[in-house]
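Descriptive structure summary
So the chains spell out like this:
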Amino acid sequence: MKWDPEAAQRLERVPFFIRKKVKRQIEEYVAAQGKDIVTSADVTAARQHFTGGSTLTTGQEELSQLDLDRIRELVEKGVPTEALDTKYIKFRLCGGAAGCPLNLMDQMKPYAARLAEIAREQGLETFLAGSHDGPVLFHHQFKITLSGCPNNCSQPQIADFAVIGQARPSVTGAKCNGCELCVKACKENALTVDDNGPHFDDALCLLCGDCTRYCRKEVIVNGPERYRVLIGGKLGRHPHLAIPLALEAAWEEVEDLLRKTIVLYQTQALDGERFGDLVQRLGDDRVIKLIREQ
Ligand code: SF4
Ligand code: SF4
Ligand code: SF4
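Throughout, residues of each chain are indexed from 1 in the direction in which the sequence is written. By the order in which they are written, chains take letters starting at A while ligands take numbers starting at 1. Only residues with pLDDT of at least 70 are given local features in this predicted model, and only at 80 or more are side-chain atom pairs given and counted; all residues enter the totals for whole chains, interfaces and linings. Heavy atoms from the whole structure form the basis of all side-chain values; hydrogens and water molecules are not counted.

**Looking at the overall build of the protein chain**
Let me state the cut-off plainly: A run of H or I in DSSP becomes a helix once it reaches four residues, and a run of E becomes a strand once it reaches two; helices and strands are each numbered from the N terminus. Residue exposure (1.4 Å probe, protein chains only): buried if accessible area is under 20% of the type maximum, exposed if over 50%, otherwise partly exposed.
Looking only at helices and strands, the protein chain has 11 helices and nine strands in total. Relative to its 294 residues, the protein chain shows a buried fraction of 44%.

**Digging into helix 5 (residues 108–121)**
What counts is decided by this rule: Helix span is expected to be 1.5 Å times the residue number reduced by one. Two residues form a contact once any of their heavy atoms are found within 4.5 Å.
For helix 5, built from 14 residues, the straight-helix expectation of 20 Å at 1.5 Å per residue is met to within 8% by its first-to-last C-alpha distance of 20 Å. For helix 5, the elements touching its buried residues are strand 3 (89–93), helix 6 (124–130), strand 4 (142–147), strand 5 (161–171), strand 8 (220–231) and helix 9 (251–268). Taken from the residues just after helix 5, Gly 123 is the one with a positive phi, measuring 75 degrees.

**Thoughts on the confidence of the model for the protein chain**
Under the convention used in this document: Residue-level confidence of the predictor, termed pLDDT, takes values from 0 up to 100.
With 88% of its residues at a pLDDT of 70 or more, the protein chain has an overall mean of 88. Within the protein chain, helix 9 carries the highest mean pLDDT (98), whereas helix 4 (residues 60–77) carries the lowest (57). Low confidence marks residues 52–63, where pLDDT is under 50. Its contacts with residues over four positions away, or in another chain, come to 19 contacts.

**Describing the pattern of salt bridges**
The line we're drawing: Here a salt bridge means any side-chain nitrogen of Lys or Arg lying within 4 Å of a carboxyl oxygen belonging to Asp or Glu.
Overall, the coordinates contain 17 salt bridges when judged by the stated rule. A salt bridge links Glu 27 to Lys 23, with the nearest nitrogen and oxygen atoms 3.3 Å apart. Linking Glu 27 with Lys 23, this pair stays in helix 2 (residues 16–31), spanning four residues, or about one helical turn. We note a salt bridge from Glu 28 to Arg 24, for which the minimum N-O separation is 3.1 Å. Highlighted residues: Glu 28 and Arg 24, both in helix 2, separated by four residues, approximately one helical turn. Connected through salt bridges with shared partners, the residues Arg 114, Glu 117, Glu 255 and Arg 259 form a single ionic network.

**A short note on the sheet that holds strand 3**
Where we set the bar: For two strands to be treated as a pair, DSSP must find no fewer than two bridges joining them. Convention adopted: a line fitted to C-alpha atoms gives each axis, helices being fitted over their contacting stretch, and angles between N-to-C directions are expressed from 0 to 180 degrees.
Spatially, 3-4-5-8-9 is the arrangement adopted by the five strands of the open sheet, whose pairing is mixed. Among the strands making up the open sheet, the edge pair consists of strand 3 and strand 9 (243–249). The sheet shows a mean angle of 20 degrees between the axes of neighbouring strands, taken without regard to direction. As judged from the four bridges shared by strand 8 and strand 9, these two strands associate in the antiparallel manner. The partner of Leu 230 across the bridge, within strand 9, is Pro 244. Contacts from helix 9 reach strand 4, strand 5, strand 8 and strand 9, with the element oriented near 155 degrees to strand 9.

**Describing the nonpolar core**
Let me state the cut-off plainly: Put simply, buried Ala, Val, Leu, Ile, Met, Phe, Trp, Tyr and Cys residues joined by side-chain atoms within 4.5 Å make one nonpolar core.
If you look at the biggest cluster of nonpolar residues, it comprises 43 residues, and the most contacted ones within it are Phe 91, Leu 93, Leu 115, Leu 146, Phe 161, Val 163 and Val 254. Of all hydrophobic cores here, the second largest spans 12 residues; its members include Ala 7, Ile 26, Tyr 29 and Val 38.

**Topic: the environment of Gly 165**
Within the element layout of this structure, Gly 165 appears in strand 5. Excluding anything up to four places from it in sequence, Gly 165 contacts Leu 104, Met 105, Ser 147, Gly 148, Cys 149, Pro 150, Arg 226 and Tyr 227.

Next comes the structure, spelled out in structure tokens:
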């Protein structure tokens, strides 16, 4: 996709750590209209489209503030899930599904739809309806949550089944200039830079992608999307934080783990038992073993 000089100049004013993402979004928007060159008018139109009518500002500080406001709004509100929710199954998607530039799960909406389909195929709704009488309250629902990055804005820690987007940073052959912007960007102190370029501490790295966004030289790039899967979180009288079932799963494994989690629930639950209560009763290790052995 080509950019005319004025549009390219405006792109340059986007804060560099989200520039790649903004560029891709604008190009997708323009391509969807059958065009192959981005003009300044297209940038304005795309901006209005993605910000729900806000006008494009020209100064970097204003634009940066606009982006930050947008991120804050997305983080606070998440995105609507009525199309996925059923009486007994409730979805929660973070603002990554609506354009948060920190998102590392590009296909969040289709992935959520796929998980809804699997829950339906496995008969989860019927199972839950059959084990409960009376009005359906919040704690009767099985909650499936997706977060686009390890910031976890959709609260996966208290979901029955949660998926978190991640990307392991990897080093290309490009020349590192030693600027250490990546080091400053890393909130986990998981990264150092020496004459040979960047080095990662795997024990500390959260796979959040912050260093990649800050590296202007493309020395660090994101590896393929991977997903952390958590299960069994809940609030209520006996809160329980969700436990990790997989640390760096490919998407196919995520789908398989949802199937197996539902089978475990259907075969091991006492009458009317919440999934989080089942995990507490059986114990974290046994639950993981029972799922892995299926
Ligand atoms: S979890 Fe990450 S991608 Fe999702 S809204 Fe929060 S910061 Fe954005
Ligand atoms: S991916 Fe995140 S945690 Fe890991 S080194 Fe980069 S900035 Fe640090
Ligand atoms: S890896 Fe990139 S951000 Fe980090 S010091 Fe090298 S050039 Fe700078």
